[in-house]
Amino acid sequence: MVAQNSRRELLAASLILTLALIRLTEANSEGDALHALRRSLSDPDNVVQSWDPTLVNPCTWFHVTCNQHHQVTRLDLGNSNLSGHLVPELGKLEHLQYLYGIITLLPFDYLKTFTLSVTHITFCFESYSELYKNEIQGTIPSELGNLKSLISLDLYNNNLTGKIPSSLGKLKSLVFLRLNENRLTGPIPRELTVISSLKVVDVSGNDLCGTIPVEGPFEHIPMQNFENNLRLEGPELLGLASYDTNCT
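Note that this is a predicted model, so its numbers are computed, not measured.

Attention now goes to the overall build of the protein chain. Helix and strand content of the protein chain: one helix and 14 strands. Counting only residues that meet the buried cut, the protein chain has 48% of its 248 residues in that class. Surface summary for the protein chain: the accessible area is close to 12,300 Å², and the carbon and sulfur share equals 54%.

Dropping the structure here:
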């Protein structure tokens, strides 16, 4: 009987240790992602000075919020006088809900500014990614499609170029997608039409081409949210023509 109780206690202790190691590994992965962001930034006001990679848990860092499981859910970097660029490692923050910050970005030798806000982006950090009203240049990282908890992605009023990544179609919790007033090109990815949670889409004021989707959540998006894209036609006539003809 004593031996049986000892085995049970050993099994319980082993399970607790395994769970602790899993959380430690996850915390290290998230800390590595945030430290990669810190390395890419110029921080004259020492806003992210506390982001010390030697500390196991990034939940102790300023401007970082975690849930009860010590998983990063929110970043608050608004009005912080940061400069630099976004890094693909942000896609590893799979529990991130809100990412909020205003950063002057300098990727690929270009000056940019971004406000990033990821889910509860309530960028209280539920699932928001807000990078609006800055001068962010360059492309939207396809890795943002890995932020499976993201509710809101706000990158409007920047200077973003390139295509809207089709990987954003993996954001099955996304409700708000605002990419208006940039310099984005190419078609509107049809992968977005399968996001049933999507309620708000605004891509006006870009250089998009092809036709406007009418399937899924796009059925209820007002036409003014697609305005000022001189090469964009629509709404799409299903079955009559390819939506991306002569669209690059």
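Take the side chain of Asn 180 next. Checked against the element boundaries, Asn 180 lands in the loop between β10 (176-178) and β11 (185-186). Setting aside chain neighbours within four positions, we find Asn 180 in contact with Tyr 156, Asn 157, Asp 202, Val 203, Ser 204 and Asn 206.

With that settled, consider the packing of aromatic side chains. By the definition in use, this model includes two aromatic pairs. Between the aromatic rings of Trp 51 and Trp 61, the centroid separation amounts to 5.8 Å while the plane-to-plane angle is 25 degrees, which identifies the pairing as stacked. You can see Trp 51 sitting in the loop between β1 (41-42) and β2 (64-66) and its partner Trp 61 sitting in the loop between β1 and β2, a full 10 residues away along the chain.

Each disulfide consists of one covalent bond between the sulfur atoms belonging to two cysteines. For the structure on display, the rule yields two disulfides. In this model, Cys 59 is linked to Cys 66 through a disulfide, with the two sulfur atoms separated by 2.0 Å. The sign of the S-S torsion, about -100 degrees, decides the handedness of the disulfide formed by Cys 59 and Cys 66: left-handed. If one numbers only the bonded cysteines of the protein chain, in the order they occur, the disulfide pattern is 1-2, 3-4.

What follows covers unusual backbone geometry. For Asn 46, which is not glycine, the phi dihedral falls at a positive 60 degrees. A residue is classified by how much of its surface remains accessible, and Asn 46, at 45% relative accessible area, is partly exposed. Here the phi dihedral of Glu 181 falls at roughly 60 degrees; this positive angle occurs in a residue that is not glycine.

Pairing is parallel in the open sheet, where three strands are placed in the order β11-β13-β14. The sheet is open, and its two borders are formed by β11 and β14 (231-233), each paired with just one other strand. Examined bridge by bridge, strand β13 (residues 207-211) and β14 share three bridges and lie parallel to one another. In the strand pairing of β14, Thr 211 is matched with Glu 233.

This brings us to the pairing of β13. Among the five residues that make up β13, four are buried, leaving the element largely enclosed by the rest of the structure. In this sheet, β13 lies alongside β11 in parallel orientation, the contact comprising two bridges. Paired with Gly 186 across the bridge in β13 is Leu 208.

Inspection of the secondary structure puts Leu 155 in the loop between β8 (152-154) and β9 (159-160). Separated by 15 residues in the primary sequence, Leu 155 and Ile 140 place their C-alpha atoms 9.0 Å from one another.

All right, on to the pattern of salt bridges then. Inspection of the entire model under this criterion finds two salt bridges. Here Lys 148 and Glu 94 are joined by a salt bridge, their closest N and O atoms 3.8 Å apart. On the accessibility criterion, Lys 148 (47% relative accessible area) is partly exposed. Overall, the relative accessible area of 32% leaves Glu 94 in the partly exposed class.

Analysis parameters
- Residues numbered from 1 in each chain as written.
- Predicted model: local features only at pLDDT ≥ 70, side-chain atom pairs only at ≥ 80, totals over all residues.
- Heavy atoms only, no water.
- Helix = DSSP H or I, 4+ residues; strand = E, 2+ residues; numbered from the N terminus.
- Buried < 20%, exposed > 50% of the residue type's maximum accessible area, 1.4 Å probe, protein only.
- Areas by Shrake-Rupley, 256 points an atom, 1.4 Å probe, with all protein chains shown as cover.
- Contact = heavy atoms within 4.5 Å.
- Phe/Tyr/Trp six-rings, centres within 6.5 Å; stacked < 30°, edge-to-face > 60°.
- Disulfide = S-S within 2.5 Å.
- Pairing = 2+ DSSP bridges.
- Salt bridge = Lys/Arg side-chain N within 4 Å of Asp/Glu carboxyl O.

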